[in-house]
Every structure is written in structure tokens, then in C-alpha cells.
Amino acid sequence: MQRTLKQFAIAALFCAGTPLLSYANDISIYPAPFNAINPELAGNALPGMNDIDIWTRIRKGFGIPDLDNALVESQTQWYSSRPDYIQRTTERASRYLFHVVQELEKRGMPTELALLPFIESAFNPEALSTAKAAGMWQFIPSTGRDYNLKQNMFTDERRDVLASTDAALTYLQKLYGMFGDWQLALAAYNWGEGSVQRAVNRNLAAGLPIDFNTLSAQMPNETRNYVPKLQAVKNIIANPGAFNIALPKVDNQPYFVTIGKTRNIDVKVAAQLAELSVDEFRALNPQFNRPVIIGGEDTKILLPESNAEKFKANMSKWTQAFSTWTAHTVSSARERIETIASKFGTTPEVIRSVNQIPPRMVLKAGSTILVPKTEETASLDTDLTPEIADNARLAIAPDVPETRHIYVKAGKRDTLAGIASRYRVSVAQIKEWNGLKRDTLAAGQSLQLHVPNAAATTRVAAHHAAPARRQVASAKGPVRKAAPAPVRKVAGKPLTLASGNGARKQ
């Protein structure tokens, strides 16, 4: 009873637009969106009542017409025959579901859309697809930018729980406005709005129906199965007992609160202050690409409510540096990683790891990298700022010699000028390399040349965000009875394979 009153008080503060707590040391803690449940949707109950969990709330808000066909039956069989997979995914989802359902209800959208990340990413906010789609809702870089999801070396908001959910629901609303049908809107989310519109236009011209079942004949295999997969998960959530599935209990209350902060802080330090493991911290804050969080007015950290209070208390007692990293701009191509590491009292391996620089690659001039703070730099105004983060670029090239030695034989009609032009060097260079005093050549004379190494100038990569990794299929179930979705290991962590098609993914 006491906890329920506390939750109601938090809700009242949020609805009044008042911060829950405010701290002089630049920390503000805000409650998660916590509106009272619509009485028609949840039996006249307030959030947090023990007899209502998030699954009940989702079921009450179902609003998309059911789909019933052979593909739905096949997908339902696939998911229901894998209770361990359902258990893992729903446990992972328990961190995010309250927030997603809250946002759906706020917009008047069907609550089964809260299950869409089940299909897209298995609720893994760090999922990456073959087409570089990232996050729980699987946005490609261009569509992410269309929906104001910041992507730079330090932050990728496609993985941000709050920002990506807002962008995904806005996009889904737009698609529903285009087609007036949630099943077609979902198909467009996967296949692309242009592709669905062309299919609709073809059927209209032919006098054929434009419902999902009819149009699916024109869709690629993945999209044809996409809506049936969501329907299959909906069927299981609607009646888990019928499939011998035991859903984990997920309380109908916020899992996290939002920390508004303006100070740079290392990810490890933030996790330590919150008394969380780094993995637990990253599960709520996967958008940070580097080991330091760059503070600013728009920077937000999510923490479980009890851990937020610990974060505040521990921060007031912290006597060490909050951030141990600063920025360094590479001045020239001659500034090698080994030189930089020595200057900042670290190792080349640390510089490569922190900045995600592959082996046998060198930095190009103008690159901005993270380096450890030293006693010298700590006293200077060299702190990382949002402006530095927004403009930072990392340009790398293969670590190969700039030139290579070759030997050529002069023909009867060859001249020094002709050979120099052919190999993009100067006459003076050829004379210097070969100790020549005159400009004439003898037929058959051998010359040593130092020519530009093409590999050193053509293979350059510019990195603006964390590199994407390839994957094949989503954690979605079968496409005509396909095998279970694979999981790959990336940097020691499991990477759930997500869908690779659609407007967000092409």
C-alpha cells in the first residue's frame, strides 16, 4: 500500500510537469512517463496495482484486426515450440515494455505494436542488420536522420530507448496515415512505403482488393511473413497457457527513470555510481559508442528508480575524476598511433580498442580520437563537448609504405620526361634516384623509380558511428518453416540478427 501511494505521488508530480528531484551538482532525476491507465483499458485500475501486469494492459489495448492464414499458423507453431526463446526475449523486453505501451496509449495506437521489437530485434537494443539497421526498432542511418536520431562517433540514437521508440511510433503513425490500414503500415515498415504504394496502385488499376492478404502475393518473402510473425506473437501473448508458455511477470510500472545531466562521465564510473554492472547499465543506455558519455543539455541516462537514488548519493561523495578521457586531433599522417600512445601514457592497443581502429590501419590527418587524460591535459580546457562530438571524424588508411621501388628499362624512343609522366614522378626525382647528370637515356638503360603506392591512397574509410556488422535474418521465426534465428558473437557479446529489408533498411 505504501509503495502504491509513492507511485501515485510520482505520477502526480510528472503530470504536473515538475522534476521529481533536482540537485545542485547538475543532476536532475525525472520519473518515467507515468499516466493513469485508461479505465476502459484496464479495469478502472491505476498503474502499479498488483492484480494488473503489463501483459494484461497490452491485451486490453489490442486494436489491429487479426490475420488468419497458413503463414500465421506456421509462425505461431515456430514461436510456441521454442519456450526458452520466448522466455529470454520477454525477460529482455521487461525493461522497455512499460515505456513503449505508455507511448502507444498516449498516441492512441494499438498496443500490439509494443510487440514489434520482438520481431525486429528480439528486444535487443544493440541489434545490427546486414543493411546497417540498428537498435530495438531497426533504423538504417538515413531514415534515422530523417527522424532526428543523432548519429556520430560518440552517440547513436537509433539504439537510444527513448529516442528510437519516439521515432518508430512517429514513423508508424505516418504509414498508417498513408494507407489507413495497420497491416499495410506494418508491411511498409518492413518493405518500404514506396513498395507498398506501388503494389496498392497495381491492384487498384486491376480492380483487385488492396488488403494485406491479397497484396502479399506481390511482396518479398520476408515481408509476406512479417505481419504473420507479429500476429503469431500476439496470439501467444493473448493466451500463453494455450501454448504451454509461462510469461515472466512484468509489473505495470516504470522500469527506469531519466537522469538529466550536463557533466562528462565515463560509462564505467556511471555504472559504478549507480551500483550496476556495466552490462546492466548498457542495457538501458546502449546509445553510447565510446567509454565516455559527453554531457550536455540533451544528454539523458536511464536508470532503475532505486539505482538513480544511489547514483545521486554516490555522486555527491565521489572524489575522483568523473571522466578520464579527452579528445586529440591528429595533426598529420606522420603522427602514428604508437607516438600518440606514448604522448598520453597509454598503449597502442588501448588507443585502437577505444577508438575502434582495426589492426594494420593508420590515422589520417584531421581525425579526432579519444585519449586518456594526463596530469598536463587535465589542467587544460580540453574537455569533450557536444560540439566536438558532432564534428568529430575518424579517417583511417592501410598501414603501407607511401611509395614502392620499381625498375624500368628505357626503350629506344624513351625520354626522361616521358618516363616521368608515365609514372607520375618528376625528371629531377629520376635523376636523383639514379645519379644521372644528363637528360639523355641509352636504349636498355635500367632506372630505379619510387612510385606512389596506390593502395595507400585509395583505401580510406570514414567512420561516423559504431561499425555495423553483417547478419542474415531476424529473430522472427520461419520463412516457410525456416530454422530458428541465429545469434552471433561480436566482441564477446551475443548479437541478435534482425530484419534486413524495408524503408529503414535499404
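Scroll up to find the structure this text is about.
These numbers were taken from a predicted model, which means no experiment stands behind them.

A. Seen up close, the overall build of the protein chain. Scanning the protein chain from N- to C-terminus turns up 22 helices and 15 strands. Across the 506 residues of the protein chain, 50% fall into the buried class. In the protein chain, once contacts between residues fewer than 6 apart in sequence are set aside, the share between residues at least 24 apart is 72%. Carbon and sulfur atoms form 51% of the exposed surface of the protein chain, whose accessible area is close to 23,900 Å².

B. Fine view of the environment of Pro358. Mapped onto the elements, Pro358 comes out in the loop between α17 (348–355) and β8 (361–363). For the pair Pro358 and Pro398, spaced 40 residues apart in sequence, the C-alpha to C-alpha distance is 9.5 Å. Setting aside residues up to four positions removed in sequence, Pro358 forms contacts with Arg352 and Ile396.

C. Summary view of the packing of aromatic side chains. Under the counting rule described, the total for this entry stands at 9 aromatic pairs. Considering the side-chain rings of Tyr85 and Phe118, the 6.1 Å spacing of their centres and the 85° angle between planes classify their relative orientation as edge-to-face. A residue pair is termed long-range when its members are at least 10 positions apart, and Tyr85 in helix α4 (residues 83–93) and Phe118 in helix α6 (residues 116–120) qualify at 33 residues. Here Tyr85 and Phe118 have matching classes, each one buried. Each ring, one from Phe139 and one from Tyr147, has its centre 6.4 Å from the other, and the planes form 45°; the classification is tilted. What makes Phe139 buried here is its relative accessible area of 0%. Every member of this aromatic cluster is reached through a ring pair, and the members are Trp78, Tyr79, Tyr85 and Phe118.

D. Seen up close, the pattern of salt bridges. This structure, assessed with the given rule, holds 14 salt bridges. A salt bridge links Glu275 to Lys310, with the nearest nitrogen and oxygen atoms 3.9 Å apart. Residue Glu275 is found in the loop between α13 (267–273) and α14 (278–284), and its partner Lys310 is found in helix α15 (residues 305–317); the two are separated by 35 residues along the sequence. Of the charged contacts in the structure, one is a salt bridge between Glu338 and Arg336, with a shortest N-O distance of 3.6 Å. The exposure class assigned to Arg336 is partly exposed, which follows from its relative accessible area of 33%. Sharing partners across several salt bridges, the network here consists of Asp66, Glu112 and Lys234.

E. Structural context of the pairing of strand β3 (residues 257–261). The buried fraction of β3 amounts to 4 of the 5 residues, a majority that puts the element mostly inside the structure. The pairing of β3 with strand β6 (residues 300–303) spans 4 bridges and is classified as antiparallel. The residue bridging Ile259 from the neighbouring strand is Ile301, located in β6.

F. Spatial organisation of helix α9 (residues 182–191). With 10 of 10 residues buried, α9 is to be regarded as a mostly interior element. Where the residues of α9 are buried, they touch α6, α8 (161–179), α10 (193–206), α11 (212–215) and α12 (221–238). Between the side-chain oxygen at the start of α9 and the backbone nitrogen of Gln183 there is a gap of 2.8 Å, and the oxygen is on Asp181. Of the residues flanking the end of α9, it is Gly192, one or two places downstream, whose phi is positive at about 115°.

G. Quick look at unusual backbone geometry. Located in the positive-phi region is Asn244, a residue other than glycine, with phi close to 55°. Position of Asn244 among the secondary structure elements: in the loop between α12 and β3. Look at Arg424: it is not a glycine, yet its phi comes out positive at around 55°. Along the chain, Arg424 turns up in the loop between α20 (416–422) and α21 (427–434).

H. Layout of the packing of helix α5 (residues 97–107) against α8. Packing of α5 against α8 leaves a shortest axis separation of 11 Å and a crossing angle of 35°. Regarding α5 and α8, the two cross each other, and that crossing is right-handed. Between α5 and α8, the contacting residues are His99, Val100, Glu103, Leu104 and Arg107 on the first element and Leu162, Thr165, Asp166, Leu169, Thr170 and Gln173 on the second. A per-class count over the contact of α5 with α8 returns 4 nonpolar, 4 polar and 3 charged.

Reading guide: rules and limits
Residues numbered from 1 in each chain as written. Predicted model: local features only at pLDDT ≥ 70, side-chain atom pairs only at ≥ 80, totals over all residues. Heavy atoms only, no water. Helix = DSSP H or I, 4+ residues; strand = E, 2+ residues; numbered from the N terminus. Buried < 20%, exposed > 50% of the residue type's maximum accessible area, 1.4 Å probe, protein only. Contact = heavy atoms within 4.5 Å. Areas by Shrake-Rupley, 256 points an atom, 1.4 Å probe, with all protein chains shown as cover. Phe/Tyr/Trp six-rings, centres within 6.5 Å; stacked < 30°, edge-to-face > 60°. Salt bridge = Lys/Arg side-chain N within 4 Å of Asp/Glu carboxyl O. Pairing = 2+ DSSP bridges. Polar contact = N/O pair within 3.5 Å; in protein donor to acceptor, adjacent residues only side chain to side chain. Axes fitted to C-alpha atoms, helices over the stretch in contact; angles between N-to-C directions. Left-handed = near helix turned anticlockwise from the far one by under 90°. Nonpolar A, V, L, I, M, F, W, Y, C, P; charged D, E, K, R; others polar.

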